[in-house]
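What follows is the residue order along each chain.
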Amino acid sequence: MKRGFYIGRFQPYHNGHQSVLERIADEVDEIIIGVGSAQLSHTVDNPFTAGERVLMITRALASLGCPFYVIPIEDIKRNALWVAHIRSMTPPFDLCYSSNPLVVQLFREAGINVQSPAMYERDTHSGTEIRRRMLKGEPWKTLVPSAIVRVIREIDGVSRLKEIAQGD
Ligand code: ATP
Ligand code: MG
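Let us look at the structure shown here. (Residues numbered from 1 in each chain as written. Chains lettered and ligands numbered in written order. Predicted model: local features only at pLDDT ≥ 70, side-chain atom pairs only at ≥ 80, totals over all residues. Heavy atoms only, no water.)

A short note on the site of ligand 1
What surrounds ligand 1 is a group of 18 residues, the closest being Tyr120, Arg122, Gly127, Thr128 and Arg131. Between an oxygen atom of ligand 1 and a main-chain N or O atom of phenylalanine 10, the distance comes to 2.9 Å. Contact with the protein chains covers 88% of the free accessible surface of ligand 1, which is 590 Å². With respect to the pocket detection grid, ligand 1 is positioned in the largest pocket. Those elements giving two or more residues to the shell around ligand 1 turn out to be strand E1 (3–8), helix H1 (15–25) and helix H5 (127–136). Here the residues of the shell around ligand 1 are counted per class, giving seven nonpolar, eight polar and three charged. (Near = heavy atom within 4 Å. Polar contact = N/O pair within 3.5 Å; in protein donor to acceptor, adjacent residues only side chain to side chain. Areas by Shrake-Rupley, 256 points an atom, 1.4 Å probe, with all protein chains shown as cover. 1 Å grid on protein atoms, 1.4 Å probe; cavity = no way out; pocket = protein on both sides within 12 Å on 5 of 7 lines; lining within 4 Å. Sits in = over half its atoms within 2 Å of the grid points. Helix = DSSP H or I, 4+ residues; strand = E, 2+ residues; numbered from the N terminus. Nonpolar A, V, L, I, M, F, W, Y, C, P; charged D, E, K, R; others polar.)

Structure (structure tokens):
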């Protein structure tokens, strides 16, 4: 059983994540998706809760055709222990997919094989750009799967972001 691990904050989940996961699905038997900084929500950089992000990812991948687990991972602020922390929360895996240099370094040091997927239209497909557009009232819905548009509507996510971005 070959399991691949992929981690992000998914604030929110977007088409870049979806495109990477669709490719990973062709290469492994099961995918483990770690929802990082799980303890954070209701901030301008991290508006959505871990549970809301689990909902987004689960709905977006409903027809992926590859079994997957979505697991919230809280920050421990100890880089040297971070991989062990992740492994304590997930099914066993042999392979990690990441392009983040720190993530790559920490997994390699732990003896785990790492592959770095190519970026998908990174100029527009980034959480930072999508949150910026939500705040400015600019178009963002084409950058995320339709399931994500529905979840953000259900939780009134754009109003939340605008509300918490205001000073007191
Ligand atoms: P933010 O701007 O909030 O950091 P992000 O778009 O970088 O959001 P993350 O949740 O931080 O998304 O990233 C999760 C993983 O997805 C990271 O490894 C990141 O490199 C990767 N990723 C982000 N955008 C893309 C993209 N357009 N194509 C492929 N991979 C991406
Ligand atoms: Mg990022």
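A short note on the layout of surface pockets
Any space left empty among the atoms is revealed by the rolling of a water-sized probe across them. Space inside the largest pocket adds up to approximately 950 Å³. Looking at the lining of the largest pocket residue by residue, the class counts come to 16 nonpolar, 15 polar and seven charged. (Points joined across faces, edges and corners; volume = space filled by probe spheres on them.)

Comments concerning the side chain of glutamine 18
Inspection of the secondary structure assignment puts glutamine 18 in helix H1. Judged by its relative accessible area of 12%, glutamine 18 falls in the buried class. Those residues in contact with glutamine 18 that sit more than four places away from it in its chain are Tyr13, Ala60, Leu61 and Pro145. (Buried < 20%, exposed > 50% of the residue type's maximum accessible area, 1.4 Å probe, protein only. Contact = heavy atoms within 4.5 Å.)

Focus: helix H7 (residues 157–165)
Of the positions making up H7, those classed as buried are Gly157, Val158, Arg160 and Leu161. Within H7, the buried residues cover an arc of 160° as seen down the axis, which keeps them to one side. (Arc of directions from axis to C-beta.)

A few points about the sheet that holds strand E3 (residues 68–72)
Sheet strands pair via backbone hydrogen bonds, and the direction of the pair is either parallel or antiparallel. Judged by pairing direction, the sheet is parallel, and its five strands sit side by side in the order E3-E2-E1-E4-E5 without closing on themselves. Only two strands of the sheet have a single partner each, and these edge strands are E3 and strand E5 (113–115). Looking at each pair of strands side by side, their axes are set apart by 25° on average, direction ignored. Both E1 and strand E2 (residues 30–35) contribute to a ladder of six bridges, which runs parallel. Along E2, the bridge assignment pairs glycine 4 with isoleucine 31. (Pairing = 2+ DSSP bridges. Axes fitted to C-alpha atoms, helices over the stretch in contact; angles between N-to-C directions.)

Notes on the nonpolar core
Tyr13 and Ile31 are the most contacted members of the largest nonpolar core, which totals 33 residues. Listing elements by their share of this core, those giving two or more residues are H1, E2, helix H2 (50–60), strand E4 (95–97), H5, helix H6 (146–154) and H7. In terms of residue count, H6 provides more of this core than any other element does, five residues in total. The residues contacting tyrosine 13, other than those within four sequence positions of it, are Gln18, Leu21, Met56, Ile57, Ala60, Leu61, Val144, Pro145 and Ile148. One finds Ile32, Val103, Val104 and Leu106 within the second-largest nonpolar core, a separate group that totals 16 residues. (Core = buried A, V, L, I, M, F, W, Y, C linked by side-chain atoms within 4.5 Å.)

Section: the packing of helix H3 (residues 79–89) against helix H4 (residues 101–109)
One can describe the packing of H3 onto H4 by two numbers: an axis separation of 9 Å at closest approach and a directional angle of 75°. In terms of orientation, H3 and H4 fall into the roughly perpendicular class. Residues Asn79, Trp82, Val83 and Ile86 of H3 pack against Leu102, Val103, Leu106 and Phe107 of H4. Partitioned by chemical class, the residues of the contact of H3 with H4 number seven nonpolar, one polar and no charged. (Parallel < 35°, antiparallel > 145°, perpendicular 65-115°, else oblique.)

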